[in-house]
Each structure stands twice: as C-alpha cells, then as structure tokens.
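For reference, the chains in residue letters:
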Amino acid sequence: AALPGTAAEVTEIARTFRAAFPRGPVTELRREMASEEWLRRAAPNHAYIHLATHGFFAPAGYGQLVGDPGDQRGLSFVSRPEAKARPTPNPGLLSGLVCAHANDPKELSSEDGILTALEVQDLDLTKTEVVVLSACETGLGNTAGGEGVLGLQRAFHLAGARTAVTSLWKVDDEATRVLMTRFYDNLCSKKMGRLEALVEAQKWVMRE
C-alpha cells in the first residue's frame, strides 16, 4: 500500500541535509527511481542513507516459501499460518525492504522489487555513517546461536554501515514522519549525538 507521509518525510529531511551540508550532494530516489538498481548504485557514495518505505519480517515458521528455494531473488511468502513451511535456504531472505516495482515484479528482468537482508550484505557501505530504516519491523530477525539476530540491522553492519536505526514494531506513517524529521533536525542542526538525537525525538513525539 502507498505511504503518503513518506513524500513529506523525504522532502523535509532533504531540506535539513542541504542546510547542514551545503557542499554535500543530496540524492533523492522517488517513485520509479526508488528501485533496487538505483539504490545499489547510489548507496555506496553517501554517508547518510534514509530509507522510507515498507519493511517486513517473516518468522521462519510462518507461511511457506513460493518459488525456487535456491533462487535468492524471486522468493515471496504466502500469509497462511496453517501452511506447512518449507526449509528456508538463508535467514537473510526472511526480512527486507520494499522498493519500486514490488507490486509488479514481472515487469523487471532481474529484480523483484524486494531488497532482502541477504542482498543488503553485498552492498559496499564502508563510507556510510548512518542508515535509517524508516519502516516497520526492520529491527527484527531470527536468532542463531553465537550469531545474534540475523536480519536487516546485522546485514547493514556487515555491509559496512557504522550505525543502523531500525524499528522493532509496526509504525504509523505520520508519526514516523514527525519522529524522523525531529531526529535529523537534532542530528544536523542541533549537533546532537546519534543516540541523543533519537532519544530526544522519541520523547518529544510522546510528549507533544
């Protein structure tokens, strides 16, 4: 489903970045441009990455995999808890972010419009200071002995990002816009640290 609040969210954050970093280029990927291909192309060249979209997490025993389990691109999930789950080839396929064309993947030759945690690991984010996943349940994942939580947050760290801001819950579109714009204002304009900027924004949203 469409997320109307993301357009205003991206506009306000881009404005904050341009004011704080007048010499730093700001890239905005909207609508058709917000594809897996463009994201892979743009992400390695940016210190801050903000992704305002849908996120998903499918527990290992939920529904069943559709398609070839050996194909790491074209997997989708059937929302039928009563369906018997097949073995999952990789935990990185259970969480991901929605990109352009996700509603019509047949139009694409090599992409399905879903950027999975497994695909995130292959990005080169060694120049990235902060990744913000402004989406639902992006902090969730399966736990593995000795490995911790296997999901999007871990994937972005493995790709090289120093800080990843994620959510453990389903989030409201408008509330997320307010929270994120406040967070970036704290971070860029008020020069707060990352954790301080987020905590203050959370408290402000709850209070106001």
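Keep in mind the model is a prediction, meaning the values are calculated, not measured.

Caption draft 1: Fine view of the layout of surface pockets. Of the pockets and cavities examined, the second largest pocket occupies roughly 400 Å³. As for the second largest pocket, its lining consists of 18 residues, of which Ser 167, Val 171, Leu 179, Met 180 and Gln 202 are closest to the centre. Grouping the amino acids of the lining of the second largest pocket by side-chain chemistry returns twelve nonpolar, five polar and one charged.

Caption draft 2: Quick look at the sheet that holds strand S1 (residues 48–52). Pairing is parallel in the open sheet, where three strands are placed in the order S1-S7-S10. The sheet is open, and its two borders are formed by S1 and strand S10 (163–165), each paired with just one other strand. Along the sheet, successive strands turn relative to each other by an average axial angle of 10°, direction set aside. Note that strand S7 (residues 130–134) and S10 share three bridges and pair parallel. The residue bridging Val 131 from the neighbouring strand is Ala 164, located in S10.

Caption draft 3: Molecular detail of unusual backbone geometry. Of note, His 101 is a non-glycine position whose phi angle comes to about 80°, a positive value. Looking at the secondary structure, you find His 101 in the loop between strand S5 (95–98) and strand S6 (114–116). We classify His 101 as partly exposed; its relative accessible area is 25%. Positive phi values are uncommon outside glycine, yet Lys 191 reaches one of about 60°.

Caption draft 4: Quick look at the environment of Cys 188. As for its position among the elements, Cys 188 is in helix H5 (residues 173–189). Along the sequence, Cys 188 and Ala 20 sit 168 residues apart, while their C-alpha atoms lie 5.8 Å from each other. Excluding anything up to four places from it in sequence, Cys 188 contacts Thr 16, Phe 17, Ala 20 and Phe 21.

Caption draft 5: Geometry of the pattern of salt bridges. One pass over the full model with this rule turns up twelve salt bridges. With a closest N to O distance of 2.8 Å, Arg 41 and Glu 37 form a salt bridge. Here Arg 41 pairs with Glu 37, and both are found in helix H2 (residues 36–42), just four residues apart, close to one helical turn. A residue is classified by how much of its surface remains accessible, and Arg 41, at 45% relative accessible area, is partly exposed. A salt bridge links Glu 200 to Arg 182, with the nearest nitrogen and oxygen atoms 2.8 Å apart. With Glu 200 in helix H6 (residues 194–207) and Arg 182 in helix H5, this pair connects stretches of sequence that are 18 residues apart. A residue is classified by how much of its surface remains accessible, and Arg 182, at 19% relative accessible area, is buried. The network of salt bridges with shared partners includes Glu 12, Glu 174 and Arg 177.

Caption draft 6: Summary view of the confidence of the model for the chain. Residues of the chain with pLDDT of at least 70 account for 75%, and the chain-wide mean is 80. Per-residue pLDDT, averaged within each element of the chain, yields its smallest value for strand S3 (residues 64–66) (44) and its largest for H6 (93).

Caption draft 7: View of the environment of Ala 155. Looking at the element boundaries, Ala 155 is found in helix H4 (residues 152–159). We classify Ala 155 as buried; its relative accessible area is 0%. The spatial distance from the C-alpha of Ala 155 to the C-alpha of Val 120 is 5.8 Å, given a sequence separation of 35 residues. Those residues in contact with Ala 155, other than ones at most four positions away along the chain, are Ala 117, Val 120 and Gln 121.

Caption draft 8: Expanded view of the pairing of S7. Among the five residues in S7, five count as buried, and that is most of the element. Side chains Val 130, Val 132 and Ser 134 of S7 all project onto a buried face; the interleaved residues Val 131 and Leu 133 project onto the opposite face, where all are buried too. With five bridges joining them, S1 and S7 adopt parallel strand pairing. Along S7, the bridge assignment pairs His 50 with Val 132.

Calculation notes
Residues numbered from 1 in each chain as written. Predicted model: local features only at pLDDT ≥ 70, side-chain atom pairs only at ≥ 80, totals over all residues. Heavy atoms only, no water. 1 Å grid on protein atoms, 1.4 Å probe; cavity = no way out; pocket = protein on both sides within 12 Å on 5 of 7 lines; lining within 4 Å. Points joined across faces, edges and corners; volume = space filled by probe spheres on them. Nonpolar A, V, L, I, M, F, W, Y, C, P; charged D, E, K, R; others polar. Pairing = 2+ DSSP bridges. Helix = DSSP H or I, 4+ residues; strand = E, 2+ residues; numbered from the N terminus. Axes fitted to C-alpha atoms, helices over the stretch in contact; angles between N-to-C directions. Buried < 20%, exposed > 50% of the residue type's maximum accessible area, 1.4 Å probe, protein only. Contact = heavy atoms within 4.5 Å. Salt bridge = Lys/Arg side-chain N within 4 Å of Asp/Glu carboxyl O. pLDDT = per-residue confidence, 0-100.

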